[in-house]
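# Structural description and commentary
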Amino acid sequence: MNKKISLMFLAFGALAILAGCEPLTIFDPKGPNARTLSDTIILSIITMAVILLVVYVLLAFMLTKYRASKASADYEPPHEEGSHLLEITWTVIPIIIVAFLAVVTVKTTSTVETTPEGYDNKEPLVIYASSSNWKWHFSYPEEGIETVNYVNLPTDRPIEFKLYSFGPITSFWIPQLAGQKYAMSDMLTTIHLAADEVGSFMGRNSNFSGRGFAEMEFEAQSMTQADFDEWVADVKANEKPLTEEKFNELLTAEHVGRSSYSSTHLEFSPAPMEHGDMDMDGMDHEQMDHSTDSHKDSESTHSH
């Protein structure tokens, strides 16, 4: 009895703690791709709840109908053949459920892997997001600036994050704007998103990558296009360029604060090849030319 009472108090305590938590951010989407994922998760939860309801109703029915009776101990129930209808039913229903969820998942995945719906006719902003132990570097090749541990985005414009890592595999995730995708050292992966409204959203590494994993967070702030342009101009006018020496210091450091630079590390450390794209479509022409020149210089050095 004491154990049951203790378990009951533990359950009520857990409920009280959870009741004070903020709503899960994945259920508060602020962009079309995040909304698609949130709707899919909710649909999966509803499907699971319906299945559990049916199972529990059948369980209660079976326990009630076939509960212990007052028959004598030597009573032997009559033999009954199995029901082919029931066997077919409990085989087909799970197949239907799995097929339904599979179709929904494939459709959702296809949707979020492309430019967000309603933004097809707008030019995307390309941002290279690279990770190192344990921080995030955000390079804006078109604007010629770079930030560390924070990223600013214009609203009502598609965003393409090109992801890669300078260390172990990490996972880029802004729950209110998009799903997660891995960042690896030898290839680029792309994640599409858009912000429908101005706001500040938490981003993080959702893949365990070592002792500094818990602090590997960043802020994604969405703002109007005018405010974004003003911020870019301010960074270019007031921040120092990012030198190769400074960038190597950042890579070596385990934890750093926020910082901004009026140039990017892509100028001397180009991003890797995009996965499945031998033409390096994920890199702009200047980066491709720089990468080619670096390779030629390397070959020249080895020949000497």
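Notes on the structure follow. (Residues numbered from 1 in each chain as written. Predicted model: local features only at pLDDT ≥ 70, side-chain atom pairs only at ≥ 80, totals over all residues. Heavy atoms only, no water.)

### So, the pattern of salt bridges
For the structure shown, the criterion picks out 10 salt bridges. Here Glu197 and Lys30 are joined by a salt bridge, their closest N and O atoms 3.5 Å apart. Placement of Glu197 in the loop between strand 8 (189-193) and strand 9 (199-205) and of Lys30 in the loop between helix 1 (2-19) and helix 2 (32-65) is noted, with a sequence separation of 167 residues between them. On the basis of relative accessible area, Glu197 is assigned to the partly exposed category, the value being 38%. (Salt bridge = Lys/Arg side-chain N within 4 Å of Asp/Glu carboxyl O. Helix = DSSP H or I, 4+ residues; strand = E, 2+ residues; numbered from the N terminus. Buried < 20%, exposed > 50% of the residue type's maximum accessible area, 1.4 Å probe, protein only.)

### Considering the environment of Ile159
Here Ile159 shows up in strand 5 (residues 159-165). By relative accessible area, Ile159 is classed as buried at 1%. With 32 residues separating them in the primary sequence, Ile159 and Ile127 have C-alpha atoms 7.5 Å apart.

### Considerations on the sheet that holds strand 1 (residues 125-132)
Strand order in the open sheet formed by 6 strands is 8-5-1-2-3-11, and the pairing between neighbours is mixed. In this open sheet, the two edge strands, each paired with only one partner strand, are strand 8 and strand 11 (259-261). When strand polarity is set aside, the average angle formed by the axes of neighbouring strands in this sheet is 20 degrees. Two elements, strand 1 and strand 5, share 7 bridges in a ladder whose sense is parallel. (Pairing = 2+ DSSP bridges. Axes fitted to C-alpha atoms, helices over the stretch in contact; angles between N-to-C directions.)

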